[in-house]
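Below, each chain spelled out in residue letters.
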Amino acid sequence: IPVKAHRKNAISMVNLIKDISLTDKLYDYDIILVGTNCYQVMRNGFQYDIAKEFPYVKRMNNQTKYGDPSKVGTIVECGGTPSITLMYISFGYNFKGNDNEYLDYDGLERCLKLCGLLYKGKKVATTMLGCTFYDGNGKKDKVLDILERTMKNVQLDVYDYQQESYREIKRREFKELKKES
């Protein structure tokens, strides 16, 4: 059962949905915001799901300059239905498997300010941007504060759930294939 929560004393209302994957709800929205890094890595978690469901998004990401730090704080509108927007919110990625925080909060805020203007009146969804092992290890309260300040003019649902690693995804897919045969 999803848990919907509105944070008290917020400047705007962010609809926080816990324990449900956004991947299962993509087509309920006009716009999907996807946090990513400057190294074109979309191999884990929600980024993997987007790359698999919408291969053109991965292709568009790969057309950007690899490892370019100037991408932080910028977006790429990929289009489609729903329309997918990549947001470059961190320079690197966590390939060492540690808990170090690497989310660029200023970059996240620049992306969200722009998206708040571009998608005024739209039904928008995203994950807890920059808060997973795969996209920044950021602090949830700090990210929610940024979301509330910047996304005032959109109907925003934020999905907060446990995302899978590439290895976990492949194990699950293999088990599903075995069941089918």
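Everything in this summary refers to the structure shown in the same document.

Calculation criteria
- Residues numbered from 1 in each chain as written.
- Predicted model: local features only at pLDDT ≥ 70, side-chain atom pairs only at ≥ 80, totals over all residues.
- Heavy atoms only, no water.
- Salt bridge = Lys/Arg side-chain N within 4 Å of Asp/Glu carboxyl O.
- Helix = DSSP H or I, 4+ residues; strand = E, 2+ residues; numbered from the N terminus.
- Buried < 20%, exposed > 50% of the residue type's maximum accessible area, 1.4 Å probe, protein only.
- Axes fitted to C-alpha atoms, helices over the stretch in contact; angles between N-to-C directions.
- Parallel < 35°, antiparallel > 145°, perpendicular 65-115°, else oblique.
- Left-handed = near helix turned anticlockwise from the far one by under 90°.
- Contact = heavy atoms within 4.5 Å.
- Core = buried A, V, L, I, M, F, W, Y, C linked by side-chain atoms within 4.5 Å.
- Phe/Tyr/Trp six-rings, centres within 6.5 Å; stacked < 30°, edge-to-face > 60°.
- Lys NZ or Arg CZ within 6 Å of the ring centre and 35° of its normal.

Quick word on the pattern of salt bridges
Okay, step 1: In this structure the tally under the stated criterion is 7 salt bridges.
Okay, step 2: The partner of Asp160 in a salt bridge is Lys18, with the nearest N and O atoms 3.2 Å apart. In this pair, Asp160 sits in strand β7 (residues 155–160) while Lys18 sits in strand β2 (residues 15–18), placing the two residues 142 residues apart along the sequence.
Okay, step 3: Among the residues examined, Asp160 registers a relative accessible area of 10% and is labelled buried.
Okay, step 4: For Lys18, a relative accessible area of 30% puts it in the partly exposed group.
Okay, step 5: Several salt bridges share partner residues, and in doing so they unite Lys18, Lys140 and Asp160 into one network.

Description of the packing of helix α3 (residues 105–118) against helix α4 (residues 140–150)
The axes of two packed helices give the description: the angle between them and the distance between them.
Okay, step 1: Closest axis-to-axis distance for the α3/α4 pair is 9 Å, and the angle between their directions is 30°. With respect to α4, the axis of α3 lies roughly parallel. Handedness of the crossing formed by α3 with α4: right-handed. Counting all contacts with α3, which are made through Tyr105, Leu108, Glu109, Leu112, Lys113 and Gly116, the residues of α4 involved are Lys142, Val143, Ile146, Leu147, Arg149 and Thr150.

Concerning the nonpolar core
Okay, step 1: With 26 residues, the main nonpolar core has Leu33, Met87, Leu108, Leu112, Leu147 and Met151 as its most contacted residues.
Okay, step 2: Among the secondary structure elements, those contributing two or more residues to this core are β3 (31–37), β5 (83–90), α3, α4 and β7.
Okay, step 3: Looking at this core, the element that brings in the most residues is α3, giving 5 residues.
Okay, step 4: Excluding its chain neighbours within four sequence positions, the residues that come into contact with Leu33 are Phe46, Thr85, Met87, Leu112, Cys115, Tyr119, Val124, Ala125, Thr126, Leu129 and Met151.
Okay, step 5: Ile20, Leu22, Ile32 and Ile84 belong to the second largest nonpolar core, which has 21 residues in total.

Some details on the packing of aromatic side chains
Okay, step 1: Applying the stated criterion across every chain yields a total of 5 aromatic pairs.
Okay, step 2: Considering the side-chain rings of Tyr27 and Phe54, the 6.0 Å spacing of their centres and the 55° angle between planes classify their relative orientation as tilted. Of the two residues, Tyr27 sits in the loop between β2 and β3 while Phe54 sits in the loop between α1 (45–53) and α2 (55–62), which places them 27 residues apart along the sequence.
Okay, step 3: Given a relative accessible area of 52%, Tyr27 falls into the exposed group.
Okay, step 4: When the ring of Tyr39 is compared with that of Tyr66, the centres are 5.0 Å apart and the planes differ by 80°; the resulting orientation is edge-to-face. Remark: Tyr66 occurs in the loop between α2 and β4 (75–79) and Tyr39 occurs in the loop between β3 and α1; sequence separation between them is 27 residues.
Okay, step 5: An aromatic cluster of at least three residues, connected via ring pairs, comprises Tyr27, Phe54 and Tyr56.
Okay, step 6: A cation sits over an aromatic face here: Lys123 above Tyr29, 5.3 Å from the ring centre.

Geometry only, nothing functional implied.
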